[in-house]
Amino acid sequence: MTALVLLDHEDGRIRQAALSAVTAAAKLGDVHVLVAGDDAVAQEAAKIAGVSKVLHAADARYAHELAEPLAALIVSLAGGYDHIVAAAGAVGKNVLPRAAALLDVQPIPDVISIVDGDTFVRPIYAGNALATVKSSDTKKVLTVRSSAFDAAATEGGSAPVETVAPVDSPAVSKFEAVHLSESERPELESARVVVSGGRGLQSEEKFHILDPLADKLGAAIGASRAAVDSGFVPNDYQVGQTGKIVAPDLYLAFGISGAIQHLAGMKDSRVIVAVNKDPEAPIFQVADYGIVGDLFEIVPQLTEELK
Ligand code: FAD
């Protein structure tokens, strides 16, 4: 069996999550990857351990990973593949359901474990239950959660790069502009340490109390939806059911109550530390270490200790 992985990238770099998708696909058989746009990324993709072929969609229409042209391209390539896989991120979730619809198969999103070529495990009910799904479709189209699969090594492979011909697609969208939030911090979804803040941080200004701590720990910064909705941080910080799913080695939650929708995005973290002034806060039910107290006193103390 051969799987085709849509290898998404940003700023000329392959996303960590896409490397996890390669690891997941390797459990299904031989791995080919599809790189849309960027030539340098296609060359980098050829070095990924375990990849046996790179398909490079070099035509300008693929430069920005737009969903409609990419979905049409995947459909044109699908004949040679049993599985089509992507990371469950913004690109994969945009492109793969469209490709699945065009192929008339049921997409299988957010896979966290691969049982065999037909059978996959995925969370349902905001992560409160795991469904084992057996698909009888001839082609399986799946997105996988990067937190459940290690990233494939970026060195060690030497796959050939083949340019694929563009295909027609409905011109219903066009690229206008991209506005990326710039950060020196690690990507939230693949960071080893995440420092997260909730409504308890009170304001955009006060949220910055977490910065020195995150700097010390080399951590990404996350947030609850309440913190995002209150305008303390941009919405790409959001962790949870409708935000990003993270599973770092260490997750520190400050002023976050632990609503079920937040837990859905972080409860698989290896070690969870919670600081909350309410001893009854549900976050303490999933925390390995908890401090009941005022975060505005505890965060500076923790930061100082780490010096
Ligand atoms: P609150 O629940 O208001 O909690 C604030 C906490 O801070 C309290 O526990 C309080 O004791 C503590 N606190 C206050 N001051 C201090 C202090 N000085 N020191 C220490 N502790 C302090 N939420 C998400 O996070 N992610 C999602 O993806 C998400 N998706 C959702 C999807 C749907 C369909 C719905 C309905 C909701 C979703 N939510 C999501 C919202 C979720 O239900 C909660 O409303 C939200 O998580 C609450 O955020 P919070 O914990 O920051 O705020």
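Quick notes on the rules
Residues numbered from 1 in each chain as written. Predicted model: local features only at pLDDT ≥ 70, side-chain atom pairs only at ≥ 80, totals over all residues. Heavy atoms only, no water. Domains from an automatic or database assignment. Contact = heavy atoms within 4.5 Å. Salt bridge = Lys/Arg side-chain N within 4 Å of Asp/Glu carboxyl O. Nonpolar A, V, L, I, M, F, W, Y, C, P; charged D, E, K, R; others polar. UniProt positions renumbered as here; feature names shortened; annotations may be inferred. Helix = DSSP H or I, 4+ residues; strand = E, 2+ residues; numbered from the N terminus. Near = heavy atom within 4 Å. Polar contact = N/O pair within 3.5 Å; in protein donor to acceptor, adjacent residues only side chain to side chain. Areas by Shrake-Rupley, 256 points an atom, 1.4 Å probe, with all protein chains shown as cover. Buried < 20%, exposed > 50% of the residue type's maximum accessible area, 1.4 Å probe, protein only. Pairing = 2+ DSSP bridges. Axes fitted to C-alpha atoms, helices over the stretch in contact; angles between N-to-C directions.

### Observations concerning the domain arrangement of the protein chain
Partitioning the protein chain into domains gives domain 1 (2–163) and domain 2 (193–306). Contacts between domain 1 and domain 2 engage five residues on the former and seven residues on the latter. Our count for the domain 1 to domain 2 interface comes out at zero salt bridges. When its residues are assigned to classes, the side of domain 1 that touches domain 2 shows one nonpolar, three polar and one charged.

### Some words on the UniProt feature "domain: Electron transfer flavoprotein alpha/beta-subunit N-terminal" (unreviewed entry) in the protein chain
In the UniProt entry, the feature "domain: Electron transfer flavoprotein alpha/beta-subunit N-terminal" (unreviewed entry) is given for residues 3–179. Measuring from the first to the last C-alpha atom of residues 3–179 gives 32 Å, for a span that is 24% helix and 32% strand.

### Re the environment of Ser173
Note that Ser173 resides in the loop between β12 (161–163) and β13 (193–197). For the pair formed by Ser173 and Glu68, sequence separation is 105 residues and the distance between their alpha carbons is 7.4 Å. Discounting chain neighbours no more than four positions away, the residues touching Ser173 are Leu66 and Glu68.

### Looking at the site of the ligand
Taken together, 25 residues surround the ligand, and among them Arg199, Ser224, Thr242, Ser257 and Asn276 come closest. Contact distances for the ligand include 2.7 Å between an oxygen atom and a side-chain N or O atom of Arg199. Within the backbone of Gly243, one N or O atom sits 3.4 Å away from an oxygen atom of the ligand. Taking 980 Å² as the accessible area of the ligand by itself, protein coverage stands at 76%. For the shell around the ligand, the secondary structure elements donating two or more residues are α7 (225–229), α8 (260–266) and α10 (295–306).

### Structural notes on helix α3 (residues 67–77)
Within α3, nine of the eleven residues are buried, leaving the element largely enclosed by the surrounding structure. Among the residues of α3, those classed as buried are Ala67, Glu68, Pro69, Leu70, Ala71, Ala72, Leu73, Ile74 and Leu77. Against β1 (2–6), β4 (30–36), β5 (51–57), β6 (83–87) and α4 (90–103) lie the buried residues of α3.

### What to know about the sheet that holds strand β14 (residues 220–223)
The parallel open sheet is built from five strands, whose spatial order is β14-β13-β15-β16-β17. In this open sheet, the two strands that pair with only one neighbour each are β14 and β17 (289–292). For this sheet the average axis-to-axis angle between neighbouring strands, irrespective of direction, equals 15°. Bridge analysis of strand β15 (residues 250–254) against strand β16 (residues 271–276) gives five bridges, and the strand direction is parallel. When the sheet's bridge partners are listed, Ala253 is paired in β16 with Ala274. Set on the sheet, α10 makes contact with β15, β16 and β17; between it and β15 the angle comes to about 145°.

### Focus on the pairing of β1
With five of five residues buried, β1 lies mostly within the body of the structure. Burial of the side chains of β1 extends over both faces: Thr2, Leu4 and Leu6 are buried on one face and Ala3 and Val5 on the other. Two elements, β1 and β6, share four bridges in a ladder whose sense is parallel. In the sheet register, Val5 faces β6, and the bridge partner there is Val85.

### Notes on the side chain of Ser146
Note on placement: Ser146 falls in the loop between β11 (140–144) and β12. Other than its neighbours up to four places away in sequence, Ser146 contacts Ala17, Ser20 and Glu189.

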